[in-house]
Amino acid sequence: MTTTLADNPVLTRLDGDCLTLTLNRPHRGNALTPELLDGICRALDTHRQAGTIVLTGTGSAFSCGGDIREFYDRSKERGELLSFARNIVGTLNETLLRIVDQNALLVCALNGPITGGSIGLMLACDHVIASETAFAQPYYARMGFAPDGGWTAMMPGRVGLGYTRNWLSIDKRLDAREMGHRGIVDDVCAPGALAEHVERTIQQNTGLDRASIHSARLLALGGRARLASALDRELEAFLDLIDREETVQGMHDFLNPQTLPSRET
């Protein structure tokens with residue numbers, strides 16, 4: 001069964017007990033919206049029998065994180081901006097908790113760049129396969145946002161607290177090979193081989209106990225309650241910074257790079 005409507009923000013495909021969820025906003029870099037995140041949650045609730053869940057994206061990006069245009073357009077009214085930010089980051093947190101709660105093997109197939117809060121969709125998964133076209137970048141220090149999506153709640157468990165802090169502070173872009181070197185992703189492959197690598201991973205893990213995988217995931221994350229608390233702290237910090245003049249200016253400059261002064265090299 002396949003959902004194919006072009007305007008559906010999440011496409012679902014169930015093959016046997018393997019559920020594939022594909023982010024489907026390629027015209028906006030698969031930016032996260034409440035509708036997209038709700039679509040993920042609905043699909044997970046509908047297909048509770050799935051033993052393997054694959055998250056991937058359409059187009060050239062996995063996801064660029066929050067929709068900066070949406071944030072900026074709402075910045076004219078402080079209340080509207082705060083309400084939107086609470087809704088999108090809060091819904092992202094609920095989605096991440098819903099994902100890690102699944103009694104299934106979780107596979108993330110990075111078909112392209114992953115930035116901002118969308119990193120949480122990857123961090124929630126057990127196995128990450130990246131196309132050579134993928135890269136990861138925080139963008140928070142550039143924009144003036146506080147980290148969300150598990151950058152502080154889950155990333156230190158992958159690369160350590162020191163590297164996480166450094167990465168966030170200097171806003172470095174890591175290509176797929178460096179992500180593999182640092183253990184952020186588990187496998188790197190040519191763009192055309194991504195689907196093959198995903199299928200191979202699923203086949204290699206057929207027969208493994210899904211309840212054991214689920215238990216190991218939550219234990220490694222420090223338990224669901226600890227993760228939920230850490231994500232709540234990210235939300236509150238995000239709200240503290242989102243409506244500052246500096247942040248609004250950062251969003252403006254990001255959306256209008258032609259207005260920035262040129263730099264000599």
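1. Thoughts on the overall build of the protein
Here is step 1: Within the protein, the secondary structure is distributed over twelve helices and nine strands.
Here is step 2: Its C-alpha atoms give the protein a radius of gyration of 18 Å, within 12% of the compact-globule value 18 Å for 265 residues.
Here is step 3: Based on the C-alpha atoms only, the size of the protein along its principal axes is roughly 55 × 40 × 40 Å.
Here is step 4: Burial analysis of the protein (265 residues in total) assigns 54% to the buried set.

2. Some points on the pairing of strand E1 (residues 10-15)
Here is step 1: In this sheet, strand E2 (residues 18-23) lies alongside E1 in antiparallel orientation, the contact comprising six bridges. Counterpart to Leu14 in the pairing with E2 is Leu19.

3. Observations regarding the sheet that holds strand E8 (residues 174-175)
Here is step 1: In spatial order, the strands read E5-E7-E8; together these three strands make up an open sheet with mixed pairing. Each edge of the open sheet carries a strand with a single partner, namely strand E5 (114-115) and E8.
Here is step 2: Here strand E7 (residues 135-137) pairs with E8 via two bridges, running antiparallel. Among the inter-strand pairings, Phe135 is bridged to a residue of E8, identified as Asp175.

4. Regarding the confidence of the model for the protein
Here is step 1: Overall, the prediction assigns the protein a mean pLDDT of 94, with 95% of residues at 70 or greater.
Here is step 2: Here residues 260-265 is modelled with pLDDT under 50, and outside its nearest four sequence neighbours on either side it reaches one contact, counting other chains as well.

Parameters and conventions
- Residues numbered from 1 in each chain as written.
- Predicted model: local features only at pLDDT ≥ 70, side-chain atom pairs only at ≥ 80, totals over all residues.
- Heavy atoms only, no water.
- Helix = DSSP H or I, 4+ residues; strand = E, 2+ residues; numbered from the N terminus.
- Rg over C-alpha atoms; globule rule 2.2 N^0.38 Å.
- Buried < 20%, exposed > 50% of the residue type's maximum accessible area, 1.4 Å probe, protein only.
- Pairing = 2+ DSSP bridges.
- pLDDT = per-residue confidence, 0-100.
- Contact = heavy atoms within 4.5 Å.

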